[in-house]
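Report on the structure
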Amino acid sequence: MRKSIKSLAVIAGLALSATSLAACGSDNATGTAENTKKVETTDISGKLAGAGASSQKSAVEAWKAGFADVAKNVEVTYDPTGSGAGVTTFLQGGVAFAGTDEALSSEEIDKSAAVCKDSKAINLPVYVSPVVVAFNLEGIKTLNMKPETIAKIFRGEITKWNDPAIVADNKDAKLPDSKIVAIHRADQSGTTENFTDYLHSAAPTAWPDDPSKDWPVAGGESGDKTAGVVDNLKKTQGAIGYIDASQAGDFGTAALQAGDGFVEYSAEAAAKIVESAKVEDGREKNDLALNLNRTPDDPEAYPLVLVSYYAVCPQYKDANTAKLVKAWVNYVVSADGQQKAAEAAGSAPLGGEITKKITTALDAIK
């Protein structure tokens with residue numbers, strides 16, 4: 001049975017508690033989920049603005065509430081405009097940090113030199129979540145779907161719910177002879193980039209397009225930001241779309257191919273993918289963009305995962321902004337911050353190894 005967001009939060013919380021007690025010594029980007037560095041907030045005040053990934057919306061609200069308890073003189077605002085719009089606003093100097101479900105590209109990093117003092121922006125992971133392939137199909141809560149099947153649905157090549165490719169992996173399901181309405185993001189989206197990266201990596205013949213924040217296939221239905229896709233899913237019987245797991249609600253969801261079987265989404269299954277991730281080659285010092293394996297052999301590892309980042313400057317033109325960014329992100333990646341995100345959004349906790357690297361990067365911000 002598909003796990004509810006409440007049960008996801010419990011799993012993530014247990015994982016966070018358990019791993020925070022374990023020792024770490026792995027070369028992987030992730031390991032134990034602890035952050036022993038205390039956030040110093042007593043001497044800071046001011047306003048801090050961010051914008052970007054709508055996938056982080058629920059987590060950010062929880063983080064803001066928790067941060068307010070330890071930084072009473074700081075006001076944090078975050079506009080969930082989508083990854084593309086948030087990065088654009090950051091690169092124009094409109095906000096101090098951007099939330100993005102895909103690490104900044106080398107071109108975007110070069111552009112950041114205009115807003116970062118004597119430096120270029122870096123990517124810091126803050127939020128890990130499954131992306132679900134969600135559908136509105138009366139009486140059906142879960143379906144096994146191979147990546148080739150999903151790719152053909154979103155390309156408009158599979159158009160009926162009782163198509164032989166879907167039936168073959170769901171012999172006990174009563175699939176209707178009805179139209180599939182595939183819904184994609186209308187805006188530039190890191191969720192789209194993660195979804196298309198999964199399809200291109202796991203089913204390159206069926207999905208030859210490179211990963212992209214922009215939807216690469218002409219036609220089809222669309223929704224603006226996560227909320228728009230969710231709204232269209234709710235009102236359209238037979239619809240299917242891709243959304244952050246925190247918004248899965250009562251939709252049916254696809255179990256994805258992993259190893260020789262199919263795995264349903266959960267915080268625990270998402271964490272398995274991130275545990276094996278490595279920092280991308282060629283990144284600058286303290287840039288922690290991760291390389292994810294979309295075709296795991298582990299049958300319990302959910303392959304469609306997004307790692308959402310904060311794009312921040314190593315040096316800010318204003319010293320107080322630097323202090324606010326450091327305090328905010330230190331809280332977000334702390335054990336308390338990650339636990340609150342798990343409770344609010346069903347996210348998976350960051351591991352201890354990557355958290356240590358994040359705090360090292362934060363220490364260097366000035």
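Per an unreviewed UniProt entry, the protein chain carries the name Phosphate-binding protein and comes from Varibaculum cambriense. The record held by UniProt for the protein chain lists under Sequence similarities (unreviewed entry) the comment "Belongs to the PstS family."

1. Considering the overall build of the protein chain
Counting its regular elements, the protein chain contains twelve helices and 13 strands. Taken across its 366 residues, the protein chain has 55% of its residues classed as buried. Nonlocal contacts in the protein chain, meaning residues at least 24 apart in sequence, comprise 76% of its contacts between residues at least 6 apart. For the protein chain, the accessible area works out to roughly 15000 Å², and carbon and sulfur atoms hold 47% of it.

2. Some words on the nonpolar core
By size, the foremost hydrophobic cluster in this structure holds 116 residues, and its most contacted members are Trp63, Phe154, Ile240, Tyr310 and Trp328. Ranked by the residues each element gives to this core, the list is headed by strand S4 (residues 122-135), at ten residues.

3. Let's talk about the packing of helix H5 (residues 147-154) against helix H7 (residues 190-202)
Their axes nearest at 9 Å, the elements H5 and H7 cross at an angle of 125 degrees. Viewed along their axes, H5 and H7 adopt a mutual orientation that is oblique. Of the two elements, H5 crosses H7, and the hand of that crossing is left-handed. Where H5 approaches H7, its residues Pro147, Glu148, Ile150, Ala151 and Phe154 are matched on the opposing element by Phe195, Tyr198, Leu199 and Ala202. For the contact of H5 with H7, the residue count by class is eight nonpolar, no polar and one charged.

4. Observations regarding the pattern of salt bridges
Two side chains carrying opposite charge are able to pair once their charged atoms lie near each other. For the coordinates displayed, the defined rule picks out 16 salt bridges. Lys120 is the partner of Asp110 in a salt bridge, and the nearest nitrogen-oxygen pair spans 3.0 Å. Here the residue Asp110 occupies a position in helix H4 (residues 106-111), and Lys120 occupies one in the loop between H4 and S4, the gap between them amounting to ten residues. Using a relative accessible area of 45% as the deciding quantity, one classes Asp110 as partly exposed. Here Lys120 falls in the partly exposed class, since its relative accessible area comes to 40%. Ionic pairing is found between Arg294 and Asp197, a salt bridge with its closest N-O pair at 2.9 Å. Here Arg294, found in the loop between strand S12 (290-291) and strand S13 (305-312), pairs with Asp197, found in helix H7; they are 97 residues apart in sequence, far enough to count as distant. The structure contains a network of salt bridges with shared partners spanning Arg155, Glu157 and Asp209.

5. Concerning the confidence of the model for the protein chain
Considering every residue of the protein chain, the mean pLDDT works out to 89; 89% of them sit at 70 or more. When the criterion is pLDDT under 50, residues 1-38 qualifies, and its contacts beyond four places in sequence or with other chains add up to 90 contacts.

6. Some points on the pairing of strand S9 (residues 252-258)
In terms of burial, S9 is a largely internal element, six of the seven residues being buried. The pairing of S4 with S9 spans two bridges and is classified as antiparallel. Bridge pairing in S9 places Ala134 opposite Thr253. Bridge count for strand S5 (residues 142-145) against S9 is four bridges, and the pairing is parallel. Note that in S9 the partner of Thr142 across the bridge is Thr253. Pairing of S9 with strand S10 (residues 261-263) involves three bridges; the strand directions are antiparallel. Across the sheet, the residue bridging to Leu256 is Val263, located in S10. The turn linking S9 back onto S10 is made up of two residues, and Gly259 within it adopts a positive phi angle of 60 degrees.

7. Digging into the packing of aromatic side chains
Under the criterion given, the structure shown has 15 aromatic pairs. Pairing Phe67 with Tyr331 gives two aromatic rings, centres 5.9 Å apart and planes at 50 degrees, and the pair type is tilted. Separated by 264 residues along the polypeptide, Phe67 in helix H2 (residues 57-70) and Tyr331 in helix H10 (residues 319-333) bring together distant segments of the chain. Comparing Phe67 with Tyr331, the two get one shared label, buried. Where Phe195 meets Tyr242, the ring centres are 4.3 Å apart and the plane angle is 15 degrees; that geometry is what we call stacked. Of this pair, Phe195 sits in helix H7 while Tyr242 sits in strand S8 (residues 239-244), and the two are 47 residues apart along the sequence. When its relative accessible area of 0% is taken as the criterion, Phe195 is described as buried. One aromatic cluster is present, formed by Trp63, Phe67, Tyr78, Phe97, Tyr127, Tyr310, Trp328 and Tyr331 through successive ring pairs. The ring centre of Trp207 lies 4.8 Å from the NZ or CZ of Arg155, which sits over that ring.

What counts, and at which threshold
Residues numbered from 1 in each chain as written. Predicted model: local features only at pLDDT ≥ 70, side-chain atom pairs only at ≥ 80, totals over all residues. Heavy atoms only, no water. UniProt positions renumbered as here; feature names shortened; annotations may be inferred. Helix = DSSP H or I, 4+ residues; strand = E, 2+ residues; numbered from the N terminus. Buried < 20%, exposed > 50% of the residue type's maximum accessible area, 1.4 Å probe, protein only. Contact = heavy atoms within 4.5 Å. Areas by Shrake-Rupley, 256 points an atom, 1.4 Å probe, with all protein chains shown as cover. Core = buried A, V, L, I, M, F, W, Y, C linked by side-chain atoms within 4.5 Å. Axes fitted to C-alpha atoms, helices over the stretch in contact; angles between N-to-C directions. Parallel < 35°, antiparallel > 145°, perpendicular 65-115°, else oblique. Left-handed = near helix turned anticlockwise from the far one by under 90°. Nonpolar A, V, L, I, M, F, W, Y, C, P; charged D, E, K, R; others polar. Salt bridge = Lys/Arg side-chain N within 4 Å of Asp/Glu carboxyl O. pLDDT = per-residue confidence, 0-100. Pairing = 2+ DSSP bridges. Phe/Tyr/Trp six-rings, centres within 6.5 Å; stacked < 30°, edge-to-face > 60°. Lys NZ or Arg CZ within 6 Å of the ring centre and 35° of its normal.

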